[in-house]
Amino acid sequence: MDYLAINKHAWNQRTQIHLDSTFYDLNGFVNGKSSLNPIELEQVGDVYNKTLLHLQCHFGQDSLSWARLGANVTGVDLSCESIAKAKQLAAQLQLSARFINQDIYQFGENNTKQYDIIFTSYGVLSWLPDLTRWAQTIAGALRPGGEFHLVEFHPFNDVLCGYGYFPQTQPDIEDEVTYTENHNDQIETVVTWPHPISEVISALINAGLSIEAFNEHPYSPYNCVEGLEFVAGKGYQLKHQGHLIPLIYSIKASKVG
């Protein structure tokens, strides 16, 4: 099974749907609205004049939002349709950003540059079968003293939805619609893998990175799963048997100089 070809096709098909969605609000973004959320803005901090690598950048909204804050950005994504749109947006907005159409592992094998900051967020890890190679890619692309920032959906909710938590030898293969409101019941096949938080942290440590911070958050900035309830000033929450469940987790790691 060529999981890369399957997922690349799915994300190529999803790109135009996402560009037309209110979820991504492309018009608002073009007119100056940032796509970044308080969680990552507070964790990453000042990016002015820093080199920033954005892994799995989709069509570049977050990448270009970092560029608007003064970062010199490189974005990487599997989808050629997404990267083409990211390049077009960077040129249109006259922002300092370059975009590379490669999967994470291919990028890791070819990359010779090192960056001050590496960033990745929201729904990225499930597309990767091997977190050891992922973490090694991050460690190799990070300069000594540089920082890695991950903001990801918490697997707790996936377990409540019937998915596995621990690593498994075979991926989950599903036919599903995308998460934006305008999916129009368009179904694509996707291949994903579960990753417990312990696996994520261990992979980063084993790659030589130092964990500086780990946080869990009961509110999500996105209304992209069933049953979420909006709470003004906080985001979306979900309760299980009357208790808030974690929806987001974040990790800050550094490469020792």
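Quantities reported herein were computed from a predicted structural model and do not represent experimental measurements. (Residues numbered from 1 in each chain as written. Predicted model: local features only at pLDDT ≥ 70, side-chain atom pairs only at ≥ 80, totals over all residues. Heavy atoms only, no water.)

(A) View of the packing of aromatic side chains. Tallying each qualifying case throughout the model produces 15 aromatic pairs. Here Y3 and W193 contribute two aromatic rings whose centre-to-centre distance is 5.0 Å and whose plane-to-plane angle is 85°, an arrangement assigned as edge-to-face. Of the two residues, Y3 sits in helix α1 (residues 3-19) while W193 sits in the loop between β7 (188-192) and α9 (197-206), which places them 190 residues apart along the sequence. Since its relative accessible area comes to 9%, W193 is described here as buried. Taken together, W11, F23, Y24, F59, Y122, W127, F153, Y179 and Y222 form an aromatic cluster joined through their ring pairs. In this structure, R133 is placed above the aromatic ring of Y105, and the distance from its NZ or CZ to the ring centre is 4.2 Å. (Phe/Tyr/Trp six-rings, centres within 6.5 Å; stacked < 30°, edge-to-face > 60°. Helix = DSSP H or I, 4+ residues; strand = E, 2+ residues; numbered from the N terminus. Buried < 20%, exposed > 50% of the residue type's maximum accessible area, 1.4 Å probe, protein only. Lys NZ or Arg CZ within 6 Å of the ring centre and 35° of its normal.)

(B) Summary view of the pattern of salt bridges. A complete count under the given rule lists five salt bridges for this structure. A salt bridge links R14 to E176; the nearest nitrogen and oxygen atoms lie 3.1 Å apart. Here R14 is found in helix α1, whereas its partner E176 is found in strand β6 (residues 172-176), with 162 residues between them in sequence. With relative accessibility at 3%, the residue R14 sits in the buried group. Between K33 and D25 there is a salt bridge whose closest N-O contact spans 3.3 Å. (Salt bridge = Lys/Arg side-chain N within 4 Å of Asp/Glu carboxyl O.)

(C) Spotlight on unusual backbone geometry. Backbone geometry places N49, a non-glycine residue, at a positive phi of 65°. If you trace the backbone, N49 turns up in the loop between α3 (38-44) and β1 (51-55). A relative accessible area of 60% means that N49 is categorised as exposed. Positive phi, close to 55°, is recorded for N184, a residue that is not glycine. Structurally, N184 can be placed in the loop between β6 and β7.

(D) Quick look at the packing of helix α7 (residues 131-141) against α9. Across the interface, α7 lies against α9 with an axial gap of 8 Å and an inter-helix angle of 45°. Judged by the inter-axis angle, α7 sits oblique to α9. Where α7 crosses over α9, the handedness of that crossing is right-handed. Every residue of α9 that contacts α7 at L131, T132, W134, A135 and I138 is listed here: E199, V200, A203 and L204. Class assignment of the residues belonging to the contact of α7 with α9 gives a composition of seven nonpolar, one polar and one charged. (Axes fitted to C-alpha atoms, helices over the stretch in contact; angles between N-to-C directions. Parallel < 35°, antiparallel > 145°, perpendicular 65-115°, else oblique. Left-handed = near helix turned anticlockwise from the far one by under 90°. Contact = heavy atoms within 4.5 Å. Nonpolar A, V, L, I, M, F, W, Y, C, P; charged D, E, K, R; others polar.)

(E) Representation of the sheet that holds β1 in the model. Spatial strand order, β3-β2-β1-β4-β5-β13-β8: seven strands in an open sheet with mixed pairing. Strands at the two margins of the open sheet, each flanked by one partner only, are β3 (97-101) and β8 (209-217). Ignoring which end each strand starts from, the neighbouring axes of this sheet average 15° apart. Across the face of the sheet, helix α4 (residues 61-68) comes into contact with β1, β2 (72-77), β3 and β4 (115-121) while running at roughly 175° to β2. (Pairing = 2+ DSSP bridges.)

(F) A look at the nonpolar core. Counting residues in each nonpolar core, the largest one holds 32 residues, and the members touching the most others are L125, W134, F148, L150, V200 and L204. Looking at this core, the elements that each hand over two or more residues are β1, α6 (104-110), β4, α7, β5 (142-153), α9 and β13 (248-255). Ranked by the residues each element gives to this core, the list is headed by α7, at six residues. In contact with L204, not counting residues within four places along its chain, are W134, A135, I138, F148, L209, I211 and I251. Counting residues in each nonpolar core, the second largest holds 24 residues, with F59, I83, A86 and L95 among its members. (Core = buried A, V, L, I, M, F, W, Y, C linked by side-chain atoms within 4.5 Å.)

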